[in-house]
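Residues per chain, in single letters:
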Amino acid sequence: MIEHIVLFKFEEQTTEEQQKEAIERLTSLKEEIPGIIDIQAGLNFSDRNKGYELGLTVRFEDKKALEQYGPHEKHQEVVAYLKEIGLSDILAVDFEM
């Protein structure tokens, strides 16, 4: 299994409502993309967040599923939305379990 962790940073004008919509779109990918075992996302409330406001974890069956996730059209639609609402930076970590 593969664990994929992503942290998102947004511009100041990005609203919490837009971030919540992003969470809904991200978590819906479990039903859209094969190979996803579990997907969780939420607003970051840590005071050590360094400006990263939203977190995502995706558990994949294997590395192949992770590789197919990135270019998948449904994932790219969510990425486009994230950019549209003011995505300014991401930090990703992938590891095998």
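Residues numbered from 1 in each chain as written. Predicted model: local features only at pLDDT ≥ 70, side-chain atom pairs only at ≥ 80, totals over all residues. Heavy atoms only, no water.

Turning our eyes to something else, we now look at the nonpolar core. By size, the foremost hydrophobic cluster in this structure holds 22 residues, and its most contacted members are F8, L29, I36, L56, F60 and Y69. Looking at this core, the elements with two or more residues in it are β1 (2-10), α1 (16-27), β2 (36-43), β3 (54-60), α3 (63-69) and α4 (73-84). Filtering out sequence-adjacent residues up to four positions away, Y69 remains in contact with H4, L29, I33, I36, L56, V58, F60 and H75. (Core = buried A, V, L, I, M, F, W, Y, C linked by side-chain atoms within 4.5 Å. Buried < 20%, exposed > 50% of the residue type's maximum accessible area, 1.4 Å probe, protein only. Helix = DSSP H or I, 4+ residues; strand = E, 2+ residues; numbered from the N terminus. Contact = heavy atoms within 4.5 Å.)

A few words now on the packing of α1 against α4. Look at α1 against α4: their axes get within 10 Å of each other, and the N-to-C directions meet at 170 degrees. When the axis of α1 is compared with that of α4, the two are roughly antiparallel. Along the contact surface, α1 presents Q18, E21, A22, R25 and L26, while α4 presents V78, Y81 and L82. (Axes fitted to C-alpha atoms, helices over the stretch in contact; angles between N-to-C directions. Parallel < 35°, antiparallel > 145°, perpendicular 65-115°, else oblique.)

A word on the side chain of H4. Its place among the elements puts H4 in strand β1. On the accessibility criterion, H4 (10% relative accessible area) is buried. Side-chain polar atoms of H4 contact the side chain of D94, separated by 2.4 Å. (Polar contact = N/O pair within 3.5 Å; in protein donor to acceptor, adjacent residues only side chain to side chain.)

Bringing the pattern of salt bridges into the picture now. This model, assessed by the stated rule, comprises four salt bridges. Its salt-bridge partner being R25, residue E21 comes within 2.8 Å of it at the nearest N-O pair. Remark: R25 and E21 occur in helix α1; sequence separation between them is four residues, near one turn of the helix. Looking at E21, the relative accessible area reads 29%, which means it is partly exposed. Across the pair E77 and K74 runs a salt bridge, and its minimum N-O distance is 3.9 Å. Of the two residues, E77 and K74 are both situated in helix α4; the distance of three residues between them amounts to about one turn of the helix. On the accessibility criterion, E77 (42% relative accessible area) is partly exposed. (Salt bridge = Lys/Arg side-chain N within 4 Å of Asp/Glu carboxyl O.)

Moving on: the sheet that holds β2. On the basis of which strands lie adjacent, the open sheet formed by four strands has the order β2-β3-β1-β4 and antiparallel pairing. Pairing within the sheet leaves two strands with one partner each, and these edge strands are β2 and β4 (87-96). The mean angle between the axes of side-by-side strands here comes to 15 degrees, regardless of whether they run parallel or antiparallel. As defined by bridge partners, β2 adjoins β3 across seven bridges and the pair is classed as antiparallel. Note on β3: the bridge partner recorded for D38 is R59. Helix-sheet contacts for α1 involve β1, β2 and β3, and the interaxial angle to β2 is about 175 degrees. (Pairing = 2+ DSSP bridges.)

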